[in-house]
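Tertiary structure, described
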Amino acid sequence: MTNLQRLELEIKGVTLSQDELSVYLMECDLTPHSEYIPTSATNKRNIYRAALSILESIANSPSTMKNYKQDDMTVSDFADNLQSRIDQMERKIRTMPVDEQDGNNFFMLFQS
């Protein structure tokens with residue numbers, strides 16, 4: 001499975017061209033047609049970052065944020081549901097471990 005295929009799994013229901021998805025992946029330091037490494041926390045984290053960028057792009061589109069009613073079904077909650085999904089993805093990314101650390105897990109708060 002490639003990084004591009006893994007991103008498509010993460011954003012099911014969102015229709016974007018493979019060129020657009022490739023740009024999102026490259027912005028998150030991933031090569032679209034490279035092999036996806038499920039054991040790498042950094043790789044998984046970057047896939048989630050790309051999916052988050054896609055959701056934020058959708059949220060910034062005014063045409064998808066309008067309220068309308070169709071066949072007794074309101075779509076006015078779309079923005080709220082999208083924002084809650086964005087918040088959920090941000091929390092998930094923040095709590096994910098990073099596997100390529102330099103062994104230095106602290107920073108100098110005070111300097112003498």
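This text gives an overview of the structure that appears in the document.

Definitions and limits used
Residues numbered from 1 in each chain as written. Predicted model: local features only at pLDDT ≥ 70, side-chain atom pairs only at ≥ 80, totals over all residues. Heavy atoms only, no water. Axes fitted to C-alpha atoms, helices over the stretch in contact; angles between N-to-C directions. Helix = DSSP H or I, 4+ residues; strand = E, 2+ residues; numbered from the N terminus. Parallel < 35°, antiparallel > 145°, perpendicular 65-115°, else oblique. Left-handed = near helix turned anticlockwise from the far one by under 90°. Contact = heavy atoms within 4.5 Å. Nonpolar A, V, L, I, M, F, W, Y, C, P; charged D, E, K, R; others polar. Buried < 20%, exposed > 50% of the residue type's maximum accessible area, 1.4 Å probe, protein only. Arc of directions from axis to C-beta. Salt bridge = Lys/Arg side-chain N within 4 Å of Asp/Glu carboxyl O.

Observations regarding the packing of helix α1 (residues 3-10) against helix α3 (residues 41-59)
- The geometry of α1 relative to α3 is characterised by a closest axis approach of 10 Å and an angle of 55 degrees between their N-to-C directions. In terms of axis orientation, α1 runs oblique to α3. Classified by chirality, the crossing of α3 by α1 is right-handed. Residues Asn3, Arg6, Leu7 and Glu10 of α1 touch α3, and the partners they reach there are Asn43, Ile47, Tyr48, Ala50, Ala51 and Ile54.
- Of the residues assigned to the contact of α1 with α3, the class counts are six nonpolar, two polar and two charged.

Quick look at α1
- Looking only at α1, the buried set comprises Asn3, Leu4, Arg6, Leu7 and Glu10. The buried side chains of α1 occupy one side of the element, clustering within an arc of 160 degrees when seen end-on.
- At its buried positions, α1 is contacted by α2 (18-27), α3 and α4 (78-95).

Section: unusual backbone geometry
- Even without glycine at this site, Asp29 takes up a positive phi of about 60 degrees.
- Along the chain, the position of Asp29 falls in the loop between α2 and α3.

Regarding the side chain of Asn46
- Within the fold, Asn46 resides in helix α3.
- Residue class for Asn46 comes out buried when judged on its relative accessible area of 8%.
- Excluding residues within four positions of it along the chain, Asn46 makes contact with Cys28, Asp29 and Leu30.

Focus on the pattern of salt bridges
- The tally for this structure, following the rule as stated, stands at two salt bridges.
- With a shortest N-O distance of 3.0 Å, Arg6 and Glu10 are connected by a salt bridge. Taken as a pair, Arg6 and Glu10 lie in helix α1 at a separation of four residues, close to a single helical turn. Across the pair, exposure class does not vary: Arg6 and Glu10 are buried alike.
- Glu10 serves as the salt-bridge partner of Arg85, at 3.6 Å between the closest nitrogen and oxygen. Of this pair, Arg85 sits in helix α4 while Glu10 sits in helix α1; the two residues are 75 residues apart in sequence, bridging distant segments of the chain.

Observations concerning the packing of α1 against α2
- Running from N to C, α1 and α2 cross one another at 100 degrees; their axes reach a closest spacing of 10 Å. Overall, the two elements α1 and α2 adopt an arrangement that is roughly perpendicular. Counted together, Asn3, Leu4, Leu7 and Glu8 of α1 and Gln18, Leu21, Ser22 and Leu25 of α2 form the full contact between these two elements.
- The class makeup of the residues in the contact of α1 with α2 is four nonpolar, three polar and one charged.

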